[in-house]
Amino acid sequence: MTVLLSTPGVGDLDEVVRALAEWRREGAPMQLHPGDVGYYWQFGPERTAAALRTWRREGRLVGVGLIDGPELVRLAILPEAHDDEELALQMVDDVTRPDRGVLSAGKAHVEALWQGRFREVLQEGGWEPDDPWIPMIRDLSEPVSDGGLRIEVVGSELVDDRVTVHRSAFEGSKFDARRWHAMAAGTPYADARCLLGFNDRGDAVAATTVWSAGPGRPGLLEPLGVHRDHRGRGYGKAIAVAAAAALRDMGASSATVCAEASNTAAVTTYRSAGYQPRPAVRDLRRVG
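We now turn to the structure provided with this report. (Residues numbered from 1 in each chain as written. Predicted model: local features only at pLDDT ≥ 70, side-chain atom pairs only at ≥ 80, totals over all residues. Heavy atoms only, no water.)

### A few points about the layout of surface pockets
Our working rule: In this analysis a 1.4 Å probe is tested at points of a 1 Å grid over the protein atoms alone, and where it fits but cannot get out there is a cavity; an open set with protein on both sides within 12 Å along at least five of seven lines is a pocket; lining residues have an atom within 4 Å of a point. Grid points are joined across faces, edges and corners, and a volume is the space filled by probe spheres set on the points. Strands here are runs of E lasting at least two residues and helices are runs of H or I lasting at least four, both read from the DSSP assignment and numbered beginning at the N terminus. Only Asp, Glu, Lys and Arg are considered charged, only Ala, Val, Leu, Ile, Met, Phe, Trp, Tyr, Cys and Pro nonpolar, and every remaining residue, Gly among them, polar.
Each pocket or cavity is described by its volume, and for the second largest pocket that value is around 290 Å³. Looking at the second largest pocket, it is lined by 18 residues, and the ones nearest its centre are A28, P29, M30, I137 and R278. Going through the elements one at a time, β6 (128–139) and β11 (254–260) are the ones with two or more residues in the lining of the second largest pocket. Among the elements that take part in the lining of the second largest pocket, β6 stands out by supplying three residues, more than any other. Split by residue class, the lining of the second largest pocket holds 10 nonpolar, three polar and five charged.

Next up, the structure:
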């Protein structure tokens, strides 16, 4: 059976998002989430489709990749296919050959956070483990207590505040109101909420977007940030707690986030908000 690589069209995006949601299962390794595609949707559906790659066997989706910059592809595969030899060999061939249109030659990174044949074949070909990431998970089987921050769900009237917090939290970001509206118009945002936290003075101090993969499945925080003028006051913990509460309201089984192991402040913040770390995982890199 042949595994075929293709670039989806705009009309295929809903199918891709549905597959990514179905592949997100409690207890399974983290991989590309429909919320990751939803956040990328800020660039519009045409550009989002152009950044995606799909692998199909007999017409069925078995793998999805999001090209997140010229040197990084973020992947997900059908959970039952983690040890599928044919799929692993074909995907490795496709991501390592520049003529296949996934990654360019030279320095490159692959985010494939599950253990299985795909990672093994890449490493057999000389790819090396990159810096570690810490998956962090908060179980949502029990109610989530209030985090102590006034939380508003962002609509059109709060977009400017949302953008201000984001651009302050992430230096160099070009996120703006136009991008927010494009993101909010995307299919994945139907299962998402943008949250904005306000302090006692009414200042917008922290923000996050939470993405559901459907009832009974793990949800995602992407992104989460605190305004630089309001750091060190517990607002990161508070908005992370609010994110968990929102995902529970949406039916998610858990709230998940992946933090760089080197970012000890982020790891500490999420732990304080009830997110439990899992064993570190690593991207794979090819040195140019």
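What follows continues from the structure just given.
### Comments concerning the packing of aromatic side chains
Our working rule: We call Phe, Tyr and Trp rings a pair once their centres come within 6.5 Å, taking the six-membered ring for Trp, and we label the pair stacked below 30 degrees between planes, edge-to-face above 60, and tilted otherwise. With a 1.4 Å probe rolled over the protein chains alone, any residue whose accessible area is under 20% of its type maximum counts as buried; one over 50% counts as exposed, and the rest are partly exposed.
Counting across every chain of the model gives six aromatic pairs. Ring geometry for W114 and F118: centres 6.0 Å apart, planes at 35 degrees, overall tilted. With relative accessibility at 2%, the residue F118 sits in the buried group. Pairing W180 with Y189 gives two aromatic rings, centres 6.1 Å apart and planes at 75 degrees, and the pair type is edge-to-face. Given a relative accessible area of 5%, W180 falls into the buried group. For Y189, a relative accessible area of 13% corresponds to the buried category. Taken together, W180, Y189 and W211 form an aromatic cluster joined through their ring pairs.

### Description of empty space enclosed by the protein
Throughout the structure, instances matching the rule amount to one cavity of 30 Å³ or more. What the largest cavity holds in volume is close to 30 Å³. Together, I77, A81, H82, D84, L87, A88, M91, R117 and F118 line the largest cavity. Where the lining of the largest cavity is concerned, the elements lending two or more residues are α4 (85–96) and α5 (117–124). By residue number, the principal contributor to the lining of the largest cavity is α4, which donates three residues.

### Some details on helix α7 (residues 177–184)
Formally: It is the directions from the helix axis to the C-beta atoms whose arc is reported. Note on definitions: a residue-residue contact is assigned when non-hydrogen atoms from the two residues lie within 4.5 Å.
All buried positions along α7 are accounted for by R179, W180 and M183. Considered in projection along α7, the buried side chains sweep an arc of 105 degrees and stay on one side of the axis. The secondary structure elements touched by the buried residues of α7 are α2 (34–40), α6 (159–169), β8 (192–198) and β9 (204–211).

### Quick notes on α6
Regarding α6, the residues found buried are V159, R162, V163, V165, H166, S168 and A169. Along its buried surface, α6 packs onto α2, α7, β8, β9 and β10 (218–226).

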